[in-house]
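# Observations on chain architecture
Spelled out, the chains give:
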Amino acid sequence: MTTLTRTARLLRLALRRDRILLPTWIVAISGIAWATVESYTAMMSDAAQRLATATYAAGNPIARLMDGPAAGTDLGAMSMVESYQVLAILTALMSGQAVVRHTRQDEETGRAELIGSAVVGRHARLSAALLITLGANVVLGLAVAAALVASDLGTTGALAAGLSVAGLGWVFAGVAAVASQVFGTARAANAAVGAALGVAFLLRAVGDLLGHVADSGVQVISAWPSWLSPIGWGQQLRPFQEDNWWIAGLFGGLTLVLASVAYVLADHRDVGAGMVTPRPGPAHAAPGLGTDLGLAWRLQRGTLLTWLGGLVALTAVFASVADSAEDLVAENDQLAEILGRLAPQGTVVDLYFTLTMAIIGIAAAGYTVQVLLRMRAEETTGRLEPVLATAVDRYAWMTRHVTIAFGGTAVILALSGLAGGVVYGAMTGRWAVGVGGLVAAALANAAAALALGGFVVATFGLIPRWAGALAWSALAGSLVVGQLGALLELPQAVLNLSPFTHVPAIPADAFELTPVLVLLGVAGGLTAVGMLAFRHRDAGVVA
Amino acid sequence: MDDVIRTRGLVKTFGRTRALDGVDLTVARGEVHGFLGPNGAGKSTTIRVLLGLLRKDAGEATLLGGDPWHDAVALHRRLAYVPGDVHLWPTLTGGEAIDLLGELRGRSDRRRRDELVERFQLDPTKKCGTYSKGNRQKVAMVAGLAADVELFLLDEPTSGLDPLMETIFQDVVRHMRDAGATVLLSSHILAEAEALCDRISIIREGRVVESGTLAELRHLTRTSVQVTAQHPITDLAALPGVTVVSTQDARSAQLEVDTDRLGAVIERLGPRGVLSLTCSPPTLEELFLRHYGQELTAAHEHDALVAAHSRAGSEEP
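Residues numbered from 1 in each chain as written. Chains lettered and ligands numbered in written order. Predicted model: local features only at pLDDT ≥ 70, side-chain atom pairs only at ≥ 80, totals over all residues.

If you check an unreviewed UniProt entry, chain B appears there as ABC transporter ATP-binding protein from Actinotalea lenta. The record in UniProt for chain B states the following under Sequence similarities (unreviewed entry): "Belongs to the ABC transporter superfamily." (UniProt positions renumbered as here; feature names shortened; annotations may be inferred.)

Going by an unreviewed UniProt entry, chain A carries the name ABC transporter permease and comes from Actinotalea lenta.

In structure tokens:
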């Protein structure tokens, strides 16, 4: 196999490069698994309480949509249902980014060419990237299992839980391997992985919502769409309840297929090129490229349209099942009563919209962060210097990117809310409830996304080297706080760190202006700090 | 006094590294000024400070009569910059990148831009991501040289260009000078500097160690003399300011002579029946190596020069 020559040496190189990053991911993800079980154990000490909670989770369509299919009353099984979604998203991102980093990104920067000129097989880089990522997922799976065993859960179930996490990571390593062959830039490859993650989430959410409650009353039998999603597989593995080991075959099989596709594609393309041949473009710039928003818009519009399309579609699908969720709740008086209490100012649908927009809001913050970090990317790649060497003021340059980030976030959320509202209105005729509720909730969440954006701008100005790591950590932290904060019984001070904690729970609860104004104030203040700091620091590759 | 660029005691540190350690650089209006030094000497850092991209830690810097940091935008309308390591937006075409940078500066000459695209044989319809290094360099070159400005800051602008393009570049720079523009040309390609520059400054470890016209600098150093005579000339070595590099026999030798001692040597040679005599002024390369040769052995400047020469020679295949 001469195409694999020196794979082992490249694997060592990859380990050297990732020696901090991958262990950090692994510790963080297994730490979340451990923390969830610990707090779940503390909260659910007696069996009667667990039975009540599981019955509620199985019967509540909103819980099925957001968390996944209930899987009995075992402590381990219940806490895995609670935490799996977050573990799955983080694991998929860890795996996807690792593969892209060691394949497409190396080609983009020209490192691959340098390596390829040495005595290295044609497939050695891809193989090393897959090996390190698949291996990291094995370690992650074992770490998750160890964390659960440390919380006094059974070893068999813990290993099954570890498998459900690691298997998902394998599949997304495969997805990223294919994406890295198809797309010409690391950015596009990562975006494709993100899109695949979104689709996997959506299929599973719809499948679980449309499923039915088993005779036991504490388990959900998911409908077929869940089985099309690797996230669904992880949940159907049902650790601590059924331990369906055979699902490892699904994970392994799909990973194998994806990896094979990646190898075949790699054989049919040139190093450095994607599958799509770049076409010649205009010899002259269209008027306006060098004015006002021109360049920033040109650079960011693809990102904006991708996120816009994805989140509009996601919200629309969520809204399209809102009516079914409402019907399912209506059949169950006890459930209707509990949910009614959670939505003091509204109905079950309002509660559903509030929870939906909380997810869409944090996803939209992903756009905010990505667009703002483009400023740092422009700087580190040396593209900022020739621009600042022209008559472009630093404030002006930054304002353009910030405008597209903040304006884009608001537009994405408003249009997502509108799309969801229109879908719901068309299905039920209740246009005001749908459009009004979702758009209002979307805009309330936009304030939190902007506050997070302000934080990114401030780090870019003050500590540019750390901007990337801090920005993504802040987003991941907000996701964990939002999804698991209450369950983990984190202190209020920690919950308050996430801007999304402060978003008024409209339309389920009354709208409050003060927190929204505070969030916007924080966004504006931090942005001003960042811009001022950027004006006074070194700019360019060396900064 | 009309200095376009003037720095005194310019200092810039990165952590513990002192990248600029008191740079004194003066560039007069209308001249092509060579800024020479090897990699890491501080050429690009100086230019980035002059562009207001980096903030100086100490010293003075004046650019076109203004402060490079505070008046950055106003000054940038009057200058153009060509970096040596060009990174472009992979999704834009070369033509779009050129127009973009021109438009951002505020003054671009469409006719001149098209003429330069033609001369440098650049295909402006290709995406920047697909360009080779040389072609990326051409994009930056056209964008910079098409500008209708009074000052050009060129930071190793020809790196990656083929000799044909290099010739075109030199021609363009000469025209710019004839039109009254000032050029600061940072380079380590000495032939380029020798061909183009009115004055040069040599920077070493963050300090300008030599500055002047090529003639002035040559005066400071040695002329190489190749001589063959009818009578033995072995006693020449005893003259002050003369070093014998090699001898074929007693009647012919290659000498290095201090330029101000040249007359005395010629006088001594006269009665020996000179058959052939070649005097070549020191090349810029020799000047340059003299400064960097010092790093090798500070004590014996000349030995170092010879050593550097033979090293340079042995690198040739």
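Glancing now at the overall build of chain A. The helix and strand inventory of chain A stands at 22 helices and 2 strands. In summary, chain A has a C-alpha radius of gyration of 24 Å against a globular reference of 24 Å for 543 residues, a match within 12%. Projecting the C-alpha coordinates of chain A onto the three principal axes gives extents of approximately 65 × 60 × 40 Å. Residues counted as buried form 54% of the 543 residues belonging to chain A. Expressed as a percentage of contacts within chain A between residues at least 6 apart in sequence, the contacts between residues at least 24 apart total 78%. (Helix = DSSP H or I, 4+ residues; strand = E, 2+ residues; numbered from the N terminus. Rg over C-alpha atoms; globule rule 2.2 N^0.38 Å. Buried ≥ 20, exposed ≤ 12 C-beta atoms within 10 Å, placed from the backbone. Contact = placed C-beta atoms within 7 Å.)

This part is about the overall build of chain B. A count of helical and extended segments in chain B gives 11 helices and 13 strands. For chain B, the spread of C-alpha atoms along the principal axes amounts to about 70 × 45 × 35 Å. Residues counted as buried form 43% of the 317 residues belonging to chain B. Of the contacts formed within chain B by residues at least 6 apart in sequence, a portion of 68% connects residues at least 24 apart.

All names here are of chain A. As far as domains go, chain A holds domain 1 (1-271) and domain 2 (294-543). Here the C-alpha centre of domain 2 lies 25 Å away from the C-alpha centre of domain 1. Contact with domain 1, which involves 23 residues of that partner, is made by 23 residues of domain 2. Those elements that provide at least two residues to the side of domain 1 that touches domain 2 are α2 (21-43), α3 (47-59), α4 (61-66), α5 (75-102) and α10 (186-209). The greatest single-element share of the side of domain 1 that touches domain 2, amounting to 6 residues, is contributed by α10. (Domains from an automatic or database assignment.)

With that out of the way, let us pick up the domain arrangement of chain B. All names here are of chain B. Domain annotation for chain B reports domain 1 (3-217), domain 2 (222-280) and domain 3 (284-315). If you list the elements that add at least two residues to the side of domain 1 that touches domain 3, you get α7 (190-196), β8 (199-204), β9 (207-213) and α8 (214-219). Per-element accounting of the side of domain 1 that touches domain 3 gives the leading share, 3 residues, to α7. Split into classes, the residues belonging to the side of domain 1 that touches domain 3 amount to 8 nonpolar, no polar and 3 charged. (Nonpolar A, V, L, I, M, F, W, Y, C, P; charged D, E, K, R; others polar.)

For the rest of this paragraph, the subject is the nonpolar core. By size, the foremost hydrophobic cluster in this structure holds 257 residues, and its most contacted members are Ala176 and Ala177 of chain A together with Val139, Val142 and Leu153 of chain B. Not counting the four nearest positions on each side in its chain, Leu153 of chain B is found in contact with Ile47, Leu50, Leu51, Leu79, Tyr81 and Leu184 of chain B. (Core = buried A, V, L, I, M, F, W, Y, C linked by C-beta atoms within 7 Å.)

Moving on: the interface of chain B and chain A. On the chain A side, the residues contacting the 34 residues of chain B number 30 residues. Contributing elements (two or more residues each) for the side of chain B that touches chain A: α2 (72-76) and α3 (94-105) of chain B. Looking at which element gives the most residues to the side of chain B that touches chain A, the answer is α3 of chain B, with 9 residues. Split into classes, the residues belonging to the side of chain B that touches chain A amount to 15 nonpolar, 9 polar and 10 charged.

Glancing now at helix α1 (residues 43-50) of chain B. Residue and element names in this part refer to chain B. With respect to burial, α1 is a largely interior element, 8 of its 8 residues being buried. Every buried residue of α1 is accounted for by Lys43, Ser44, Thr45, Thr46, Ile47, Arg48, Val49 and Leu50. Directly beyond the C-terminal end of α1, a positive phi value near 75° is found at Gly52.

Here we take up the sheet that holds strand β7 (residues 182-187) of chain B. Residues and elements named next belong to chain B. The mixed open sheet is built from 6 strands, whose spatial order is β5-β6-β7-β3-β8-β9. With partners counted over all chains shown, the strands left at the sheet margins are β5 (79-82) and β9, one partner each. Here the average twist between neighbouring strands, direction ignored, is 15°. This element, helix α5 (residues 133-145), spans β5 and β6 (151-155) of the sheet and lies at about 170° to β5. Across the face of the sheet, helix α6 (residues 163-178) comes into contact with β3 (32-36), β6 and β7 while running at roughly 150° to β7. (Pairing = 2+ DSSP bridges. Axes fitted to C-alpha atoms, helices over the stretch in contact; angles between N-to-C directions.)

With that settled, the discussion passes to the sheet that holds strand β4 (residues 58-63) of chain B. Two modes of strand pairing occur in sheets, parallel and antiparallel, and in both the strands are linked by backbone hydrogen bonds. Residue and element names in this part refer to chain B. The strand order across the open sheet built from 3 strands is β2-β1-β4, with neighbouring strands paired in antiparallel fashion. Of all strands in the sheet, those bounded by a partner on one side alone are β2 (17-28) and β4. Here the strands of the sheet are splayed against their neighbours by 15° on average, with no regard to which way each runs. Sheet topology places strand β1 (residues 3-14) next to β4; 5 bridges connect them, and they run antiparallel. Its bridge partner lying in β4, Ile5 is registered against Leu63.

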